[in-house]
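Listed below, chain by chain, are the residues.
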Amino acid sequence: MSYFRAENLSLHFGGLKAVDSVSFAVEKGEILSIIGPNGAGKSSIFNLISRIYPPTSGRIFFEDQDITEQPAYDIAGLGIARTFQNIELFENATMLSNLLVGRHRHSATQLWQELLFLPSVRAGEKVHRRRVEQVIEFLDLEAYRDKLISGLPYGVRKVIELARALCSEPKLILLDEPSSGLNVEETDDMSFWIRDMKTELGITVLMVEHDMTLVNRVSDRVIALNYGRVLAMGSPSEVQRHPDVVAAYLGA
Amino acid sequence: MRFLFKTDYEDDIRLFPHSGYVVSYGILLAFLVIAPFVLSSYLVSQLVFVCIYATVGVGLMILTGFTGQASLGHAAFLAIGAYTAAYLQQYNVPFPVYFLAGGLLTGVVGALVGFPALRLTGIYLVIATISFAFIVEEVLARWESVTHGNEGMRVKTLSLFGQAVPQNGSAFYFLCLGVLILTIVGTLNLLRSPTGRAFVAIRDSETAARSMGVNVSLYKVKSFAISAAITGLAGVLFAHKLSFISPEMFTLQLSIEFIIVILIGGTFSLHGAVLGAIFLVMIDPFLTYLKDDLPGIIAGIFATFGADSVTASKIHSNVAAIASANGLKGAIYGVIIVLFVLFEPLGLYGRWLKIKLFFQLFPLCKRATFKRQKIYVKSERNR
């Protein structure tokens, strides 16, 4: 059995088939990229996995558990974290509190304990902060610790979003266009981090990406989509040479 | 300017980031403790109202300021707390019990209001909470066996551990101050723990909060419940302060006053709730003063510039008619809200921070430091 599996996943908006019976599997510890032209259904697949939309049909399995019917807030609890294409940070909070929200699934304190700020809450806070500091160091974010998100540049926000996802200590991370809006250097950094996430932290990565340099550099396997259907699946070079993929990008 | 050098996670967690805070809050506390012995009884009475309004402000701040859910129904929560106190007092229930019961019952009602509110955002949530407030007002007026309807209910003098605590005495002031301080400390505790951060997360992006594992519905209900419970506690004190309650005290205008408290104080910090409460309680005697003296002043000005006595008295009576017109207070409140939203959206506390920064940076402050930026408005597509 694979680590993560989508079976005949479909998402229809009326007559529009955003995702049309897509099946794929992710093995533990690999980096799988999903590519495809605009509107191919890449982000929709992510939104199905994180349960922002309920799928029209099909099933999703993670660690041999059917998660298709799980409520959205449970997905993070299972160890699946995600980033968003158009950054969804908590704008009017500091970076530190943004990252601490990422720790939410690990918090075990009750409301009344928090109102009194009992020693258990204090101890929990220290653990959360230690973990957050590790992520901050991993992604070189020390300079922005107490800065409000609303005052930070786009490139930094993109990294902070990745940091927030890492703070939840995920087993599987979904990256929705991690390099969009980043310059060449920042994209380079991003590719090293994605590699390190796999090798150092042992996180399985599923990512949607347009930048083929980044895809080639980090991916173990690639899936190409168009019109909600899988065109090709395989190693980065295989998929790029596949006639259907060439036709989808360049027109036949 | 002071730079904090943090060496321990405690430095981030503690309530007072550095010794300067301890000193300034210590001075404030010392002033508040000696206040009833040096100030006139009128001012002490006003301070009691400040405490009660600030407590409601803190409650509303949790819901509106930190969770981002607007409410125009907080007068109803205050009423539920007040009526619980008045009702239980008839059966000689001791104060601590009906004080907590008032908070608890209001919290439960708040949670029940929270459930239908889960599917509503923005203006629709405001409409729903207004309707809730009207329902409560109507119930209070009609449920005569419990609330005595429009006749209202008398609230007996508070007695705590066998001691009478008259609503004009300093003991009652200390009680209200204590409740306010405990509420603020509890709320600060909440804000520095996972629940408080989940509230802020819901305010800024529900989608992201959900994908980080926050059960958005549960936390919204929690926020409603906590906010209502605090307002209910304030309601018990409110009932004692006024010693008489009737349904027409808990109208929409009172809810709007609570919104003014947090909006004018600044919706991003608990300081705002207290500053807003001071502003609101102090503006009332000012408006009364204007109502009494404004006609004379304006007529006097016209008289000095050569208006004859007939014109002057005509002006006097016209201005008096305007100043005592029905609903003028509401209109003035409306104007105040509009002006603050337009020109000082961060409220009094935001202004205070700007003044502080001006002096910290002193010769280096530029006009552009506080220039407001146009902020990209996030789409509501994924809510």
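Residues numbered from 1 in each chain as written. Chains lettered and ligands numbered in written order. Predicted model: local features only at pLDDT ≥ 70, side-chain atom pairs only at ≥ 80, totals over all residues.

## Things to note about the overall build of chain B
Each helix and strand in chain B was counted, giving 16 helices and 4 strands. At 23 Å, chain B has a C-alpha radius of gyration in line with the 21 Å of a compact globule built from 383 residues. Taken over the C-alpha atoms alone, chain B extends approximately 75 × 65 × 50 Å along its principal axes. Put simply, chain B has 383 residues, and 39% of those count as buried. Considering only residue pairs separated by 6 or more positions, chain B has 75% of its internal contacts joining residues 24 or more positions apart. (Helix = DSSP H or I, 4+ residues; strand = E, 2+ residues; numbered from the N terminus. Rg over C-alpha atoms; globule rule 2.2 N^0.38 Å. Buried ≥ 20, exposed ≤ 12 C-beta atoms within 10 Å, placed from the backbone. Contact = placed C-beta atoms within 7 Å.)

## Quick notes on the overall build of chain A
On a plain count of helices and strands, chain A comes out with 10 helices and 10 strands. The C-alpha atoms of chain A give 19 Å as radius of gyration, which agrees with the globular expectation for 252 residues (18 Å, within 12%). In terms of its C-alpha atoms, chain A occupies a principal-axis envelope of roughly 65 × 40 × 35 Å. A buried classification covers 44% of the 252 residues belonging to chain A. Long-range contacts, defined as pairs at least 24 residues apart, comprise 66% of the intrachain contacts of chain A with a sequence gap of at least 6.

## Description of the domain arrangement of chain A
All names here are of chain A. When cut into domains, chain A gives domain 1 (1–79 + 170–252) and domain 2 (92–169). Between the C-alpha centres of domain 1 and domain 2 there is a distance of 26 Å. Counting from both sides, the interface comprises 9 residues of domain 1 and, opposite them, 9 residues of domain 2. Looking at the side of domain 1 that touches domain 2, the elements with two or more residues in it are α2 (72–78) and α7 (184–199). When the residues that make up the side of domain 1 that touches domain 2 are grouped by side-chain class, the tally is 6 nonpolar, 2 polar and 1 charged. (Domains from an automatic or database assignment. Nonpolar A, V, L, I, M, F, W, Y, C, P; charged D, E, K, R; others polar.)

## What about helix α9 (residues 194–204) of chain B?
Within α9(B), 11 of the 11 residues are buried, leaving the element largely enclosed by the surrounding structure. When we look at burial in α9(B), the residues that qualify are B:Pro194, B:Thr195, B:Gly196, B:Arg197, B:Ala198, B:Phe199, B:Val200, B:Ala201, B:Ile202, B:Arg203 and B:Asp204. Looking at the buried residues of α9(B), the elements they touch are α3 (95–102) and α4 (111–116) of chain A together with α3 (41–66), α8 (170–191), α10 (206–211) and α11 (216–242) of chain B.

## Things to note about the sheet that holds strand β1 (residues 4–13) of chain A
Residue and element names in this part refer to chain A. Ordered by their spatial adjacency, 4 strands build an open sheet running β2-β1-β4-β5, and the pairing between neighbours is antiparallel. If you trace the sheet from one side to the other, it starts and ends with β2 (16–26) and β5 (65–66), each paired once. Strand direction decides the pairing type here: β1 and strand β4 (residues 57–62), joined by 5 bridges, are antiparallel. Bridging across to β4, Ser10 finds its partner in Ser57. Sheet strands touched by helix α1 (residues 42–49): β1, β2 and β4. Its angle to β2, the strand with the most contacts, is close to 70°. (Pairing = 2+ DSSP bridges. Axes fitted to C-alpha atoms, helices over the stretch in contact; angles between N-to-C directions.)

## A look at the packing of helix α13 (residues 270–304) of chain B against helix α16 (residues 347–360) of chain B
Residue and element names in this part refer to chain B. With their axes 7 Å apart at the nearest point, α13 and α16 run at an angle of 110° to one another. When the interaxial angle is binned, α13 and α16 end up roughly perpendicular. On α16, the residues that touch His271, Gly272, Leu275, Gly276 and Phe279 of α13 are Gly347, Leu348 and Tyr349. (Parallel < 35°, antiparallel > 145°, perpendicular 65-115°, else oblique.)

## Regarding the packing of α9(B) against α11(B)
Residue and element names in this part refer to chain B. For the pair α9 and α11, interaxial distance at closest approach is 10 Å and the crossing angle is 105°. Between α9 and α11, the crossing angle belongs to the class labelled roughly perpendicular. Residue-level inspection shows Thr195, Ala198, Phe199 and Ile202 of α9 in contact with α11, the latter providing Val216, Tyr219, Lys220, Lys222 and Ser223. For the contact of α9 with α11, the per-class residue count stands at 5 nonpolar, 2 polar and 2 charged.

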